[in-house]
Amino acid sequence: MSVFLSHTTIDCHDAFALSEWWRIALDYTMDPEDPNLAGHEQCPIQDPATGHTLLFHEVPDEELPPKRIHFDVRPRERTQDEESTWLLEHGARLIADRRGLYGPGTGWLTMADPEGNQFCVLRSLAQVAQQD
């Protein structure tokens, strides 16, 4: 059992503007059924060849965190809770619990690896499918 890299997240002040800049620079695309718009707090763009996703995420802090790029991971077989417990048992640290931030079944856990690099643990795809 393991996690998989869901996307790479970049903390920023203007998610739309920065995602547009990188979309053009990398020749990435956005979801035509859910396009990024000015004012969106989260703006994903995707490599049309590989599917790699960059997620530009607005943070309210005037000063951006020193580590502005982090991984978001999803459990392959376990639930979010089971995966976070496993990660804690194997040296990760819990930084912040953001589960339920946008209502039941939403949110993530911010964790750090043994050297302090932060990453977020999302719900598994099975959990997401159950919610929808």
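Coordinates for the structure precede this section.
Numbering of residues begins from 1 in every chain and follows the order in which that chain's sequence is written. Note on the predicted model: pLDDT of at least 70 is required for a residue's local features to be given, and 80 or more for side-chain atom pairs to be given and counted; whole-chain, interface and lining totals, by contrast, use all residues. The basis for every side-chain value is the complete set of heavy atoms in the structure, and neither hydrogens nor water enter the calculation.

A.B. asks: With reference to specific residues and values, describe the sheet that holds strand β1 (residues 3-12).
C.D. replies: Strand pairing follows a simple DSSP-based rule, namely that at least 2 bridges must link the two strands. Secondary structure is summarised from DSSP: a helix means a run of H or I of at least four residues, a strand means a run of E of at least two, and numbering begins at the N terminus for each. Taken in spatial order, the seven strands make up an open sheet running β2-β3-β1-β4-β7-β6-β5, and their pairing is mixed. Each edge of the sheet is formed by a strand with only one pairing partner; in this case those strands are β2 (42-46) and β5 (93-97). Strand-to-strand, the axes of this sheet are offset by a mean angle of 30°, without reference to chain direction. Relative to strand β3 (residues 53-58), β2 runs antiparallel, the two sharing five bridges. Residue pairing across strands places Gln42 opposite His57, the latter belonging to β3. Throughout, a contact is declared for two residues whenever any of their heavy atoms are within 4.5 Å. Structural elements are reduced to axes, namely lines fitted to C-alpha atoms, with helices fitted over the stretch in contact, and the angle between N-to-C directions of any two is expressed from 0 to 180 degrees. Each of β1, β4 (69-75), β5, β6 (109-112) and β7 (118-121) is contacted by helix α2 (residues 80-89), which is oriented at about 15° to β6, the strand it contacts most.

A.B. asks: How would you explain helix α1 (residues 15-26) if you had to name every residue and give the values?
C.D. replies: Since there are 3.6 residues in each turn of an α-helix, residues three or four apart along the chain are aligned in direction. Under the convention used throughout, the expected extent of a helix is 1.5 Å for every residue step, that is, one less than its residue count. With twelve residues, α1 ought to run about 16 Å at 1.5 Å a step, and its terminal C-alpha atoms sit 16 Å apart, in line with that. Within α1, the full set of buried residues consists of Ala15, Ser19 and Glu20. Around the axis of α1, the buried residues are gathered within 125° of arc, so they sit on the same side. Facing away from the buried surface of α1 by more than 90 degrees, the exposed residues are Trp21 and Ile24. Contact partners of the buried residues in α1: β1, β2 and β3. Count one or two residues on from α1 and you reach Asp27, which has phi positive near 60°. The classification of residues rests on relative accessible area computed with a 1.4 Å probe and restricted to protein chains. Under 20% of the type maximum is buried, over 50% is exposed, and intermediate values are partly exposed. Picture the helix axis, draw a direction to every C-beta atom, and the arc is the one those directions span.

A.B. asks: Explain the packing of aromatic side chains to me, using residue names and the numbers behind them.
C.D. replies: Each aromatic ring pair is summarised here by two numbers: the centre-to-centre distance and the angle between the ring planes. Pairing of aromatic rings covers Phe, Tyr and the six-membered ring of Trp, with a centre-to-centre limit of 6.5 Å; geometry is then stacked below 30 degrees between planes, edge-to-face above 60, and tilted otherwise. Here the structure, examined in full by the defined rule, presents two aromatic pairs. Consider the rings of Trp21 and Trp22, whose centres lie 4.8 Å apart with planes at 80°: the pair is edge-to-face. Residue classification places Trp22 among the partly exposed residues on the basis of a relative accessible area of 33%. Look at Tyr102 and Trp108: their rings are 6.5 Å apart centre to centre, the planes differ by 40°, and that puts the pair in the tilted class.

A.B. asks: Give a description of the pattern of salt bridges that names residues and reports values.
C.D. replies: Note on pairing: side chains with opposite charge can pair once their charged atoms come close. By definition here, a salt bridge exists when the distance from a side-chain nitrogen of Lys or Arg to a carboxyl oxygen of Asp or Glu is within 4 Å. Counting across every chain of the model gives four salt bridges. Glu20 is the salt-bridge partner of Arg23, the closest N and O atoms lying 2.8 Å from each other. Note that Arg23 and Glu20 are positioned in helix α1 at a spacing of three residues, about one turn of the helix. Here Arg23 falls in the partly exposed class, since its relative accessible area comes to 23%. One salt bridge in this structure joins Arg99 and Asp97, with 2.5 Å as the shortest N-O distance. What emerges from the salt-bridge pattern is a single network uniting Asp81, Asp97 and Arg99.

A.B. asks: Before we move on, can you summarise the nonpolar core with the specific residues and values?
C.D. replies: With eight residues, the main nonpolar core is built from Ile10, Cys12, Ala15, Tyr28, Cys43, Ile45, Leu54 and Phe56. When residues of this core are traced back to their parent elements, those giving at least two are β1, β2 and β3. The nonpolar core is taken to be a set of buried Ala, Val, Leu, Ile, Met, Phe, Trp, Tyr and Cys residues, with the residues joined through side-chain atoms within 4.5 Å.

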